[in-house]
Amino acid sequence: MAGERRTAGFFEHAGLRARLRLRLRGIVQGVGFRPFVHRLAHELDLLGWVRNDAGGVTLEVQGADAALAVFAERLRRDAPAAARIDAVETETLAPEADAAGFTILASEAGGANQAVIGPDLCVCPGCLAELCDPANRRYRYAFINCTDCGPRYTIAARLPYDRAHTSMASFTQCPACLAEYTDPFNRRFHAEPNACPVCGPQLTLLDASGQAIAGDPIAETLARIRRGEIVGLKGLGGFHLACDARNAAAVAELRRRKDREEKPLAIMVANRASLAGLAELGLEEATELESRARPIVLLRKLPGADAALPGVAPDLAWLGVMLPYTPLHYLLYHESVGRSPSASWLNEAQPLALVMTSANPHGEPLVTDNAEALTGLQGIADAYLLHDRGILIRTDDSVLRRQPGSGSPQFIRRARGFTPTAILLSRSGPPVLALGGFFKNALCFTRDEEAFLSQHIGDLDRVANCRALEAAVEHLQGLLQVQPQAVAHDLHPDFFSTQLALRLAERWQVPAIGVQHHHAHIAAVLAEHRIAEPVLGLALDGVGLGTDGTAWGGELLRVEGAGFERLGHLRPIGLPGGDRAAREPWRMGAAGLDLLGRGDEIATRFSAEPGAAQLAQMLARGVPQTTSIGRWFDAAAGLLGVQARMSFEGQAAMRLEGLAEAYGELRLNEALHVLSAQPSGLMLDLAPLLLDLLNEPDTGRGAALFHAALIQALVEWVGAAAESSGIRTVACAGGCFLNAILARGLRRGLAERGLQMLEARAAPPGDGGLALGQAWVVRQQIR
Amino acid sequence: LSHGSGGRAMAQLIRELFVRHFDNDYLRAQNDGACFPLPAGAGRMVMATDSHVVSPLFFPGGDIGCLSVHGTVNDVAMTGGQPLYLAAGFILEEGFPLADLQRIVISMAAAAKEAGVPIVTGDTKVVEQGKGDGVFITTTGVGVVAPGIELAPQRIRPGDKLLVSGYLGDHGVAIMSLRENLSFETAIESDTAALHGLVAAMLDAVPGIRSLRDPTRGGLAAVLNEFAEAAGCGMLIHEKAIPVRGAVAAACELLGLDPLYVANEGKLVAVCPAEDAERLLAVMRAHPQGRDAAIIGEAIVDANGFVQMETVFGGRRMVDWLSGEQLPRIC
Ligand SMILES: [Fe+3]
Ligand SMILES: [Mg+2]
Ligand SMILES: [Zn+2]
Ligand SMILES: [Zn+2]
């Protein structure tokens, strides 16, 4: 790592010289870094100065060798929590005879833009205490923040990160705020969104028709939620729709108004104590839940959860939970405890549980704008809690989950609290742009050794998401000041992301390079783990276009840098009706029967489906085939009768997982798969497993059997490839790794065979991480 | 049929099959080409050509013969022209049954007669077995465009209305169902038909029509994307306004097809200024070929030039241009 090397150099010098100039890169602006340096220098009796510039922070310190050494050490160790130092460049200077004191100099503009704006952070303990303190001038002020907390990425238009370049530009600080802002010893020194009730943003509560509602907005909002109403809440990166999660009628009404969707809804509770009886909370989960990024964390439901939270996450093993993160959220809970003057409520169980679902009607981007909310959420929200601080960049809540035994959490969606934090690559290289896939799209820019994976953008079948992708490219490019030397895209010609890639490449006169979908999935894992040597890549995924023009998705690859070789694949199974088959597991069940040579049973087994006989006919005549393992999951769900049709992506596999989890571990008597050498590679055939499922009357047992046999089959398949190739590292990626049973089983199985398993940690294992892999591949192709 | 059978055999085929059924003075003159007068006062001439390959050759509602007449007649009609004459070129595969060829020629002759557009010249070649797919037919049509008629997608402006002349997807679904050997409760027939009569009525009522297109291969989606690109604006259609027969929708669902992308052979898409839309719709509905016409959307201001559909659930879906067949996308 370049940064580490430079640091080592700095330590050497620190013991020898008396004046040093340090240039720090990373997240060092807007996080209280200069006051921190200022305090540290004062404490150690060092002379010099510190300032922000386009590269990050530059400082000079002069003093005794020993003090300089301590300074160097504490610079990293005691840096503000919101800061992240990626690199330190050190220069030794001659001591200045007239040096006196330590000062914070004005920011220097110009030069190459290397600085990065930090992610949005939850309200800090200091601000939270002030928020609930009746004596504080910011008592119950929903926009309290300091350099340790608050909005950043979502309010920034461009660099450098100064108030003038944020949506706070229109608010002029009052004398009291300005005094804090200009005092290096205050924790609000250069807190760009600094504000108070006198000078800052204000809340307004509007009714469904857009008329202002009199009274205290917080008290009124809570009262309405308690009455069962649905309120649109303006948050950090967009609007939420909130209602009482314990009110069955309110939840059902929310679902009805959002088009009866069956997707699980996330909830917010006051603190971890409030989860008692609802969800299992391990130490690791608690850490994530309480982290400053405040993601939605998927927790295993407890038996009473569905009764306590009716309709919130039916039929699933997991419950999405987050803790309050904005002062506004805390004010709702503060109100719910009668504005208790004692701080103890913060850690005590509170009954108020809120459904907090993204206000993204019809799968369109999250609503961010007040006017947009009043039109876009019409017919859904009964009231709107608005404010006048603009959201400049739409950013959804992040979703992640701890995986026992894996050592770190897994992203399901990476957005608020994490973007734009860079993922560090193993080395520097030319800047590239990767535009990702079709579903769960996110894009990725690289700059030197950093990869900037954008926030989750959404599915590109929606017009507004396509626009959001274009806007995100422009915005991130502006923030990073890079000119990509290549544009990466998926091999699928009809993705909007592919078409946009071709257009941008043409405009910039740089190559547009297609990267195979599953190669990119594996490459994303290699990128974050900084692996250069050849690995086995196990891609367990939905459909992605293969280099042979067919639909891949259960692939065993040998990946080395920019290239890959297909070592094996799942046995192809019919995809009757293309994308329809991916939404209707009964069709895949029928395809399974056809594959078993029992197509004549399709019409009777799926007699509830009007098209069953015709589908059997189609299958008999031949339909396009896929090696996607996602479709084998669907086939199992279809044959077990778990789910005939899905209302959201992955629903059948998630229910299958839930059933298997509820059933518990199952011991296999025999292998239910066949490995065979084919001209196209080592083929894994799961037909014997499907055959067993045909005669399984207990869906729970069937689901458990499917998982157990699949894991054994995959382990042997990968094991065989490891034997023949001599490669011991297995990079695993693809949407199926969101299945906790599968991931856990593979972790154990591969470890037992002495194989090292690498998983996606810095980015989602599914299509949300695709752009990172595409960027990594293409950067090596053009080098 | 046998390959290379020049001379007498071919002459006999032409005389006994083509000349007999297409029968008109131009063919009877037995020249290498046809000479014909132009109508007095015609504005400009229009010429269009289209090669027809379809499998299977015979399908519910038609066959390659009538299709090859309708296809070119419609291409001429979409320029706003009145089609006058057709030329037909046949490429036949050796061994193709004469009875089938006869059926096709009779169907062509009937279609030409019904359309009032004679086939005035033609050519026939036979290729070796395996080098063709039964029959390929290329037809070329000439016609005239009346003065003042100026159809071009570049003339489309935001606010203009989009109309279709009837139910979408019939032809493509009829063909696909036959290929897949699927039967449905209600038989789905190809909509193959000549549209120049309808077009004449439409232009008569609304000479300011901006553009006309027949949504054949690539369906409505391809036409709207062509419009959007040429006009530099967006297109917005409303799912609930788009006429699709229940049986076609059901078949599309089964086959995993989107009716917006399925071929039609007897439908047109028209764009006209908003103030003329209702009048145009009334005229279309009064014509047998436009009975089920509908206003389906409008051209809109959109910097991206996106073609978008407001779905029945709300929200806007992209209706983008496909590079080829509908490939699976779901990951
Ligand atoms: Fe994928
Ligand atoms: Mg044509
Ligand atoms: Zn704070
Ligand atoms: Zn103030």
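Residues numbered from 1 in each chain as written. Chains lettered and ligands numbered in written order. Predicted model: local features only at pLDDT ≥ 70, side-chain atom pairs only at ≥ 80, totals over all residues. Heavy atoms only, no water.

Engineer: Which residues make up the overall build of chain B, and what values go with them?
Structural biologist: Across its full length, chain B holds nine helices and 13 strands. The C-alpha atoms of chain B give 21 Å as radius of gyration, which agrees with the globular expectation for 331 residues (20 Å, within 12%). Dimensions of chain B along its principal axes, counting C-alpha atoms only, are 65 × 55 × 35 Å. Looking at chain B as a whole, 55% of its 331 residues are labelled buried. (Helix = DSSP H or I, 4+ residues; strand = E, 2+ residues; numbered from the N terminus. Rg over C-alpha atoms; globule rule 2.2 N^0.38 Å. Buried < 20%, exposed > 50% of the residue type's maximum accessible area, 1.4 Å probe, protein only.)

Engineer: Could you give an account of the nonpolar core, with specific residues and numbers?
Structural biologist: All names here are of chain A. Leu 433, Leu 435, Leu 443, Leu 469 and Val 473 are the most contacted members of the largest nonpolar core, which totals 88 residues. Tallying contributions element by element places helix 12 (residues 463-480) first for this core, with nine residues. Residue contributions to this core reach at least three from each of two domains, namely domain 2 (203-387) and domain 3 (422-532 + 766-782). Apart from residues lying up to four places away in sequence, Leu 435 is in contact with Asn 441, Ala 442, Leu 443, Leu 469, Val 473, Val 487, Ala 488, Ser 497, Leu 500, Ala 501, Leu 504 and Gln 774. (Core = buried A, V, L, I, M, F, W, Y, C linked by side-chain atoms within 4.5 Å. Domains from an automatic or database assignment. Contact = heavy atoms within 4.5 Å.)

Engineer: So, the domain arrangement of chain A: which residues are in play, and what are the values?
Structural biologist: Residues and elements named next belong to chain A. Its domain assignment divides chain A into domain 1 (2-104), domain 2 (203-387), domain 3 (422-532 + 766-782) and domain 4 (544-560 + 565-759). A separation of 36 Å is found between the C-alpha centroids of domain 2 and domain 4. Between domain 2 and domain 4, the residue contacts involve eight residues of the former and 10 residues of the latter. Regarding the contact of domain 2 and domain 4, the summed buried area is about 720 Å², with carbon and sulfur atoms giving 62% of it. Put simply, domain 2 and domain 4 have one salt bridge between them. When the shortest N-O distance is used, the salt bridge between Arg 300 and Glu 661 registers 3.3 Å. Where domain 2 meets domain 4, there are one residue pair in polar contact (both at pLDDT 80 or more). (Buried area = accessible area lost by both parts, 1.4 Å probe. Salt bridge = Lys/Arg side-chain N within 4 Å of Asp/Glu carboxyl O. Polar contact = N/O pair within 3.5 Å; in protein donor to acceptor, adjacent residues only side chain to side chain.)

Engineer: Account for the sheet that holds strand 11 (residues 318-322) of chain A, with residues named and values stated.
Structural biologist: Residue and element names in this part refer to chain A. The mixed open sheet is built from 10 strands, whose spatial order is 6-13-7-8-12-9-11-10-14-15. The open sheet has two free edges, formed respectively by strand 6 (203-207) and strand 15 (409-413), since each of these has just one partner strand. The pairing of strand 9 (residues 267-268) with strand 11 spans two bridges and is parallel. Paired with Ile 267 across the two strands is Val 321, which belongs to strand 11. Seen against the sheet, helix 6 (residues 217-226) touches strand 6, strand 7 (231-234), strand 8 (239-244), strand 12 (354-358) and strand 13 (383-387) and runs at an angle of roughly 40 degrees to strand 6. Sheet strands touched by helix 7 (residues 248-257): strand 8 and strand 12. Its angle to strand 8, the strand with the most contacts, is close to 145 degrees. (Pairing = 2+ DSSP bridges. Axes fitted to C-alpha atoms, helices over the stretch in contact; angles between N-to-C directions.)

Engineer: Outline the environment of Pro 60 of chain B, listing residues and values.
Structural biologist: All names here are of chain B. By secondary structure assignment, the location of Pro 60 is in the loop between strand 2 (58-59) and strand 3 (62-63). For Pro 60 and Ile 188, which are 128 residues apart along the polypeptide, the C-alpha to C-alpha distance reads 7.2 Å. In contact with Pro 60, other than residues within four places in its own chain, are Ala 174, Leu 178, Ile 188, Glu 189 and Ser 190.

Engineer: Can you tell me about the interface of chain B and chain A, naming the residues and giving the values?
Structural biologist: Counting residues at the interface gives 31 residues for chain B, matched by 43 residues for chain A. Regarding the contact of chain B and chain A, the summed buried area is about 3,200 Å², with carbon and sulfur atoms giving 53% of it. Across the salt bridge formed by Arg 467 of chain A and Asp 302 of chain B, the nearest N and O atoms sit 2.8 Å from each other. Counting every contact that joins chain B to chain A gives nine residue pairs in polar contact (both at pLDDT 80 or more). Breaking the side of chain B that touches chain A down by element, the ones donating at least two residues are helix 8 (246-255) and strand 13 (316-318) of chain B. The residue inventory of the side of chain B that touches chain A, partitioned by class, reads 13 nonpolar, nine polar and nine charged. (Nonpolar A, V, L, I, M, F, W, Y, C, P; charged D, E, K, R; others polar.)

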